[in-house]
Amino acid sequence: MTHSMDNNRMNPLLSRLQPYPFERLRQLFAGVQPNPAYRPISLGIGEPRHATPLFVKEALMGAFPALAAYPPTAGDPALRQACANWLQRRYGLGVDPATQILPVNGSREALFALVQTVIDPKPDAAGLRPVVISPNPFYQIYEGAALLAGADTFYAPSVPERNFAIDWDRVAPEVWQRTQLVFVCSPGNPTGAVMPLSEWQKLFELSDRYGFVIASDECYSEIYFRDEPPLGGLEAAARLGRSDFRRLISFTSLSKRSNVPGMRSGFVAGDAQLIKPFLLYRTYHGSAMSGMVQAASVAAWGDEQHVIDNRALYREKFAQVTPVLQEVLDVRLPDAGFYLWAAVPGGDDTAFARDLYAQYNVTVLPGSYLARESMGHNPGRGRVRMALVAETDECLEAAQRIVQFVQSFPKSPS
Ligand SMILES: Cc1ncc(COP(=O)(O)O)c(C=O)c1O
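Just so you know, these numbers come straight off a predicted model, no measurement behind them.

Trainee: Mind laying out the layout of surface pockets, listing which residues take part and the relevant values?
Mentor: Roughly 510 Å³ of internal volume is contained in the largest pocket. As for the largest pocket, its lining consists of 27 residues, and the residues nearest its centre are Tyr20, Gly46, Arg108, Tyr139 and Lys256. Of all the elements in the fold, those that place two or more residues in the lining of the largest pocket are helix H1 (21-29), helix H4 (107-118) and helix H9 (254-257). Tallied by class, the residues present in the lining of the largest pocket amount to 14 nonpolar, seven polar and six charged. In this structure, the second largest pocket is lined by 24 residues; those nearest its centre are Phe164, Ala165, Ile166, Cys185 and Ala193. Counting residues per element, the ones that place at least two in the lining of the second largest pocket are strand E5 (165-166) and strand E6 (179-185).

Trainee: Can you lay out a nonpolar patch on the surface for me, pointing to particular residues and giving the numbers?
Mentor: A cluster of nonpolar residues, Met61, Phe64 and Leu67, forms a patch on the protein surface that exposes about 340 Å² of accessible area. Position of leucine 67 relative to the elements: it lies in the loop between helix H2 (54-61) and helix H3 (77-91). Owing to a relative accessible area of 57%, leucine 67 belongs among the exposed residues under this scheme.

Trainee: Let's hear about the packing of helix H12 (residues 305-326) against helix H14 (residues 392-407): which residues, and what values?
Mentor: The packing of two helices is summarised by the inter-axis angle and the distance between the axes. Close contact between H12 and H14 brings their axes to 9 Å; oriented N to C, the two are set at 5°. As far as their axial angle goes, H14 and H12 are roughly parallel. Here Lys317, Gln320, Val321, Val324 and Leu325 of H12 lie close against H14, whose contacting residues are Thr392, Cys395, Leu396, Ala399, Gln400, Ile402 and Val403. For the contact of H12 with H14, the per-class residue count stands at eight nonpolar, three polar and one charged.

Trainee: Break down the pattern of salt bridges for me, citing the residues and quoting the values.
Mentor: As enumerated under the stated definition, the model contains 23 salt bridges in all. For glutamate 23, the salt bridge is made with arginine 26, and the minimal N-O distance between the two is 3.0 Å. Of this pair, glutamate 23 and arginine 26 both sit in helix H1, three residues apart, which is roughly one turn of that helix. Here aspartate 355 makes a salt bridge to arginine 354, at a shortest N to O gap of 3.4 Å. Because the salt bridges share partners, they merge into one network encompassing Arg39, Arg49, Glu394, Glu397 and Arg401.

Trainee: So, the nonpolar core: which residues are in play, and what are the values?
Mentor: In terms of nonpolar packing, the biggest core is built from 50 residues, with Leu43, Leu325, Leu329, Phe352, Val364, Met386 and Ile402 touching the most fellow members. Contributing elements (two or more residues each) for this core: H1, H12, strand E10 (339-343), helix H13 (349-360), strand E13 (383-387) and H14. Ranked by residue count, the leading element in this core is H14, at eight residues. Beyond its immediate sequence surroundings of up to four residues, phenylalanine 352 is in contact with Leu329, Val344, Pro345, Val364, Val384, Ile402, Phe405, Val406 and Phe409. By size, the runner-up hydrophobic cluster in this structure holds 45 residues, among which are Ala84, Val95, Val171 and Ile214.

Trainee: Hey, could you go over the site of the ligand for me, with residue numbers and the actual values?
Mentor: In the region of the ligand, 14 residues are neighbours, and Ser107, Asp217, Ser253, Ser255 and Lys256 sit closest. Within the contact set of the ligand, an oxygen atom lies 2.7 Å away from a side-chain nitrogen or oxygen of arginine 264. Starting from 400 Å² of accessible surface for the ligand in isolation, the protein chains cover 92%. Judged by the proximity of its atoms to the pocket grid, the ligand belongs to the largest pocket. No other element matches the three residues that H4 contributes to the shell around the ligand.

Trainee: Describe the environment of asparagine 163, listing the residues and the values that go with them.
Mentor: For asparagine 163, the location among the structural elements is in the loop between strand E4 (152-159) and E5. Between the C-alpha atom of asparagine 163 and that of methionine 195, which follows or precedes it by 32 residues, the distance is 9.7 Å. Not counting the four nearest positions on each side in its chain, asparagine 163 is found in contact with Ala193, Arg332 and Asp335.

Trainee: With reference to specific residues and values, describe unusual backbone geometry.
Mentor: With an omega of 5°, the peptide bond between asparagine 136 and proline 137 qualifies as cis. You can see proline 137 is positioned in the loop between strand E3 (131-136) and helix H5 (141-148). That bond from serine 186 to proline 187 is cis: its omega, -5°, falls within 30 degrees of zero. Considering the arrangement of structural elements, one finds proline 187 in the loop between E6 and helix H7 (197-210). Phi at phenylalanine 164 takes a positive value of approximately 65°, unusual for a residue other than glycine. Assessed through its relative accessible area of 9%, phenylalanine 164 is described here as buried.

Trainee: I'd love a proper account of the sheet that holds strand E9 (residues 266-270), names of residues and values included.
Mentor: The eight strands are arranged E2-E9-E8-E7-E6-E3-E4-E5 in an open sheet whose pairing can be described as mixed. Edge strands, defined here as strands with exactly one partner in the open sheet, are strand E2 (101-104) and E5. The pairing of strand E8 (residues 248-253) with E9 spans five bridges and is classified as antiparallel. Residue pairing in the sheet places phenylalanine 251 in a bridge with valine 268 of E9. Its contacts with the sheet put H3 on E2, E8 and E9, and the angle it makes with E2 is roughly 110°. Running over the sheet, helix H10 (residues 272-285) touches E2, strand E7 (213-217), E8 and E9 and is turned about 35° from E2.

Trainee: Account for the pairing of E4, naming residues and giving values.
Mentor: Most of E4 sits inside the fold, with seven of its eight residues counted as buried. Relative to E4, E3 runs parallel, the two being bridged by six bridges. When the bridges of E4 are listed, valine 131 appears paired with aspartate 152. The handedness of the E3 to E4 crossover, carried by H5, is right-handed. For E4 and E5, the ladder comprises two bridges, and the chain directions are antiparallel. Bridging from a neighbouring strand, valine 159 pairs with alanine 165 of E5. Counting the residues that bridge the hairpin from E4 to E5 gives five residues, and of these asparagine 163 lies at a positive phi of roughly 50°.

Rules and cut-offs
Residues numbered from 1 in each chain as written. Predicted model: local features only at pLDDT ≥ 70, side-chain atom pairs only at ≥ 80, totals over all residues. Heavy atoms only, no water. 1 Å grid on protein atoms, 1.4 Å probe; cavity = no way out; pocket = protein on both sides within 12 Å on 5 of 7 lines; lining within 4 Å. Points joined across faces, edges and corners; volume = space filled by probe spheres on them. Helix = DSSP H or I, 4+ residues; strand = E, 2+ residues; numbered from the N terminus. Nonpolar A, V, L, I, M, F, W, Y, C, P; charged D, E, K, R; others polar. Patch = residues over 30% accessible without salt bridge, like charges linked within 9 Å, V, L, I, M, F, W, Y side chains within 5 Å. Areas by Shrake-Rupley, 256 points an atom, 1.4 Å probe, with all protein chains shown as cover. Salt bridge = Lys/Arg side-chain N within 4 Å of Asp/Glu carboxyl O. Buried < 20%, exposed > 50% of the residue type's maximum accessible area, 1.4 Å probe, protein only. Axes fitted to C-alpha atoms, helices over the stretch in contact; angles between N-to-C directions. Parallel < 35°, antiparallel > 145°, perpendicular 65-115°, else oblique. Contact = heavy atoms within 4.5 Å. Core = buried A, V, L, I, M, F, W, Y, C linked by side-chain atoms within 4.5 Å. Near = heavy atom within 4 Å. Polar contact = N/O pair within 3.5 Å; in protein donor to acceptor, adjacent residues only side chain to side chain. Sits in = over half its atoms within 2 Å of the grid points. Pairing = 2+ DSSP bridges. Right-handed = clockwise from strand over helix to strand, strands pointing away.

Right, dumping it as structure tokens:
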């Protein structure tokens with residue numbers, strides 16, 4: 001289904017955009033009366049809800065004078081330095097803040113804007129559009145960015161049997177040949193999977209052969225459940241001797257790390273040859289970060305204690321909620337992120353989400369809304385995404401209601 005447009009002449013590519021998953025959820029729930037015996041609990045939207053640290057708010061409030069000047073698109077050198085320092089501490093990387101880092105207003109706009117910067121929409125000799133490869137399931141911005149840039153999308157499936165790794169081997173050589181950009185989401189939304197070094201090596205080799213850019217979305221990198229922190233894309237490149245990060249750019253965000261989704265702050269880092277045209281694009285697009293937000297961001301990137309505390313809250317919550325759900329669902333603790341990606345009994349994710357809402361007033365997101373049918377298969381079908389962003393008690397209550405809900409299913413004859 002595509003959006004209809006009225007008679008005005010407009011960018012025809014807009015009609016290629018798909019309805020957003022939450023719009024589809026609204027349609028699924030239209031006319032359904034949730035059971036009034038239960039208060040509503042939403043595990044639907046992946047928006048962090050832990051408290052914003054006080055020192056970040058104070059840094060923002062203390063920066064009012066910055067409102068009196070236009071901020072530079074490249075950001076204040078102090079902010080780029082704070083980002084470089086963080087990359088050094090977190091990944092042991094030496095990144096040049098002058099040429100290899102740019103502040104962005106959250107990773108969402110930057111993921112979109114990079115595609116507009118990179119894609120050459122000219123069809124090839126056979127009249128085919130360039131290709132952007134997205135994981136499947138995926139964060140919907142990847143698709144919209146590709147379509148509006150005049151590219152086609154190719155969806156590379158995530159494989160449950162391989163810890164939800166993306167099966168890059170399913171991409172045929174003739175698709176690679178048209179590919180100008182590949183999205184990596186590690187830790188993944190919704191699967192939570194972290195891409196290992198061997199997979200990075202494979203992608204780098206393919207990028208060298210076919211010349212595509214790798215856009216590595218790492219906004220969940222600080223929320224993890226294993227001892228070892230998730231491998232970053234730039235870190236993988238450096239370990240494999242690619243210290244110029246050629247054709248690679250990573251996206252890092254404060255939204256989840258520091259519980260400031262409303263601040264809109266992140267940064268990109270990587271290949272200076274990509275950062276330079278990206279800065280040019282952003283200058284025209286008007287993507288400079290407010291000076292107040294820059295000041296608060298310097299404070300947030302400079303502190304790790306609040307990130308450690310935040311991670312501890314998620315670990316405690318996931319340790320309590322996951323075993324409850326495991327009684328009735330095929331689900332396990334992810335590598336990282338703040339989602340559970342569960343297979344539902346019976347395999348009908350939309351019916352599961354609708355009936356759970358109707359009977360127990362709990363909202364989960366059908367997995368098929370987060371993926372596309374590709375090569376005869378929607379890899380989100382039969383799964384639901386549950387964002388454990390609310391307080392632990394609320395998440396536990398939702399989990400207990402889900403257990404009751406599943407236990408009320410008629411038993412299939414054995
Ligand atoms: C995979 C992924 N990437 C990027 C974003 C955007 O985050 P922000 O723009 O707040 O940095 C989100 C937000 O939910 C996400 O899930």
